[in-house]
Amino acid sequence: DKTVVAISAATPGAYGFTKDFRDKLGENYTDVGIAEEHAIAYASALATNGAKPILAIMSSFVQRTYDQLSQDLSLNNSPATILVHWGGITSADATHLCVFDIPLISNIPNMVYLAPTCKEEYIAMLEYAYKQNSHPLAIRVPFSEVISTGIEDGTDYSILNKFKMEERGEKVAILGLGNFFHLAKEVKSELKSKLNIDATLINPKFITGLDEEMLEELKHNHSVVISLEDGLLNGGFGEKIARFYGNSDMKVLCYGAKKEFTDRTSLDELYTNFRLKKELILEDVRDMLSISY
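Residues numbered from 1 in each chain as written. Predicted model: local features only at pLDDT ≥ 70, side-chain atom pairs only at ≥ 80, totals over all residues. Heavy atoms only, no water.

Caption draft 1: Local environment of the overall build of the protein chain. A count of helices and strands for the protein chain gives 10 helices and 11 strands. For the protein chain, the C-alpha radius of gyration of 19 Å lies close to 19 Å, the compact-globule estimate for 293 residues. C-alpha extents for the protein chain along the principal axes are approximately 65 × 40 × 35 Å. Looking at the protein chain as a whole, 54% of its 293 residues qualify as buried. For the protein chain, the computed accessible surface area is about 13300 Å², with 50% contributed by carbon and sulfur atoms. Here the protein chain contributes 29 positive and 41 negative side-chain charges, whose respective centroids are spaced 3 Å apart. (Helix = DSSP H or I, 4+ residues; strand = E, 2+ residues; numbered from the N terminus. Rg over C-alpha atoms; globule rule 2.2 N^0.38 Å. Buried < 20%, exposed > 50% of the residue type's maximum accessible area, 1.4 Å probe, protein only. Areas by Shrake-Rupley, 256 points an atom, 1.4 Å probe, with all protein chains shown as cover. Lys, Arg positive; Asp, Glu negative; His and termini not counted. Charge placed at Lys NZ, Arg CZ, Asp CG, Glu CD.)

Caption draft 2: Inspection of the packing of aromatic side chains at higher detail. Counted by the stated rule, this structure contains 10 aromatic pairs. Considering the side-chain rings of phenylalanine 100 and phenylalanine 261, the 6.3 Å spacing of their centres and the 65 degrees angle between planes classify their relative orientation as edge-to-face. Of this pair, phenylalanine 100 sits in the loop between strand 4 (81–85) and helix 4 (101–106) while phenylalanine 261 sits in the loop between strand 11 (251–257) and helix 9 (267–273), placing them 161 residues apart in sequence. Ring plane angle 70 degrees and centroid distance 6.0 Å describe the contact between phenylalanine 180 and tyrosine 271, whose orientation is recorded as edge-to-face. Taken together, the residues span a long stretch of sequence, with phenylalanine 180 in the loop between strand 8 (171–176) and helix 6 (181–195) and tyrosine 271 in helix 9 at a distance of 91 residues. By relative accessible area, phenylalanine 180 is classed as buried at 3%. These aromatic residues form a ring-pair network of at least three members: Tyr15, Phe17, Phe21 and Tyr29. Here arginine 64 stacks its cationic end above the ring of phenylalanine 61, 4.2 Å away from the centre of that ring. (Phe/Tyr/Trp six-rings, centres within 6.5 Å; stacked < 30°, edge-to-face > 60°. Lys NZ or Arg CZ within 6 Å of the ring centre and 35° of its normal.)

Caption draft 3: Spotlight on the environment of lysine 277. Here lysine 277 lies in the loop between helix 9 and helix 10 (278–289). In this structure lysine 277 comes out as buried when scored by relative accessible area, which is 18%. Along the backbone, lysine 277 and valine 224 are 53 residues apart, and their C-alpha atoms lie at a distance of 18 Å. Discounting residues that sit within four places of it in the chain, lysine 277 has contacts with Asp268, Tyr271 and Thr272. (Contact = heavy atoms within 4.5 Å.)

Caption draft 4: The pattern of salt bridges, seen in detail. As enumerated under the stated definition, the model contains 19 salt bridges in all. Across the pair arginine 64 and glutamate 36 runs a salt bridge whose closest N-O atoms are separated by 3.2 Å. Of this pair, arginine 64 sits in the loop between strand 3 (52–58) and helix 3 (66–74) while glutamate 36 is found in helix 2 (residues 36–48), placing the two residues 28 residues apart along the sequence. Residue arginine 64 is classed as partly exposed on the basis of its relative accessible area of 39%. Here aspartate 198 and lysine 188 are joined by a salt bridge, their closest N and O atoms 2.9 Å apart. With aspartate 198 in the loop between helix 6 and strand 9 (200–203) and lysine 188 in helix 6, this residue pair connects regions lying 10 residues apart in the sequence. A relative accessible area of 36% places aspartate 198 in the partly exposed class. In the salt-bridge network here, residues are joined through shared partners; they are Glu121, Asp153 and Lys205. (Salt bridge = Lys/Arg side-chain N within 4 Å of Asp/Glu carboxyl O.)

Caption draft 5: Highlighting the sheet that holds strand 9. Taken together, five strands build an open sheet; the order of strands is 7-9-8-10-11 and the sheet is mixed. The open sheet has two edge strands with one neighbour each: strand 7 (164–167) and strand 11. In this sheet, adjacent strand axes meet at a mean angle of 25 degrees when their direction is disregarded. Bridge count between strand 7 and strand 9: three bridges; the pairing is antiparallel. When the sheet's bridge partners are listed, lysine 164 is paired in strand 9 with asparagine 203. (Pairing = 2+ DSSP bridges. Axes fitted to C-alpha atoms, helices over the stretch in contact; angles between N-to-C directions.)

Caption draft 6: Quick look at the layout of surface pockets. Put simply, the largest pocket is a space of about 460 Å³. Lining of the largest pocket is provided by 24 residues; of these, Thr117, Cys118, Ile147, Thr149 and Phe181 occupy positions nearest its centre. For the lining of the largest pocket, a count of residues per class yields eight nonpolar, six polar and 10 charged. Within this model, the second largest pocket holds a volume of roughly 150 Å³. In terms of lining, the second largest pocket is formed by Val4, Ala6, Tyr15, Phe17, Phe21, Leu25, Ile54, Leu83, His85 and Tyr122. Where the lining of the second largest pocket is concerned, the elements lending two or more residues are strand 1 (4–8), helix 1 (19–25) and strand 4. The residue inventory of the lining of the second largest pocket, partitioned by class, reads nine nonpolar, one polar and no charged. (1 Å grid on protein atoms, 1.4 Å probe; cavity = no way out; pocket = protein on both sides within 12 Å on 5 of 7 lines; lining within 4 Å. Points joined across faces, edges and corners; volume = space filled by probe spheres on them. Nonpolar A, V, L, I, M, F, W, Y, C, P; charged D, E, K, R; others polar.)

What follows is the structure in structure tokens.
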């Protein structure tokens with residue numbers, strides 16, 4: 001498809017844009033250099049004129065181009081595809097932290113930001129992004145152990161903000177976003193084995209909007225909702241969940257990164273500080289529900 005243009009901002013190796021890949025694409029590949037601002041504006045212009053730009057960008061560099069994301073891309077509703085790589089809590093240095101992309105991207109009007117949990121979801125989301133021309137679309141490329149379910153994802157992503165109910169339970173609902181869906185499964189197992197709670201497991205898929213119908217339904221037989229996100233809590237996905245339940249009796253536990261600059265701090269230390277471990281989350285649920293072991 002000669003309308004597809006792959007774009008990088010001087011970091012092709014981070015995405016597997018090898019020399020062979022670049023040579024095969026030829027004029028359909030553009031490296032704009034260290035100019036993420038131009039990369040977004042360029043992608044918007046291409047999309048507006050009928051091309052299919054696919055821009056790969058590192059999460060830590062998204063902050064350089066916020067203005068273009070808002071004014072050039074989203075305000076014009078240009079259907080470009082942005083692949084956000086390395087998004088998540090890491091032990092990186094302070095200048096390459098990858099925890100800010102969710103608050104930056106997900107609160108811009110018209111933007112759709114998706115969070116796949118496995119290989120099949122990522123491929124399905126990429127296929128949808130390539131074919132659609134309704135809005136700018138970003139995908140948070142999995143940045144953990146990439147899981148393959150072996151089952152093709154048949155989700156219709158044109159129906160926006162529809163979460164997937166993976167396992168229906170009661171009392172506690174766990175929303176595991178993207179990279180942290182595996183942690184959500186571990187928490188569910190821990191709740192069952194230690195507290196005999198058969199929790200509901202939800203794969204949100206959409207970062208930029210809420211499935212209000214599903215969240216409303218949870219009120220009938222749940223008292224606690226847990227959100228897990230591999231990124232900054234402030235302005236993030238979990239805060240949207242907490243705001244939805246703000247005028248109800250539902251208790252919400254949001255887990256993610258604190259608003260701070262870390263510098264080459266080990267992942268284990270960060271997960272402990274942020275209580276992003278199944279046993280620590282279990283303690284919080286137990287205390288909230290006043291359950292003893």
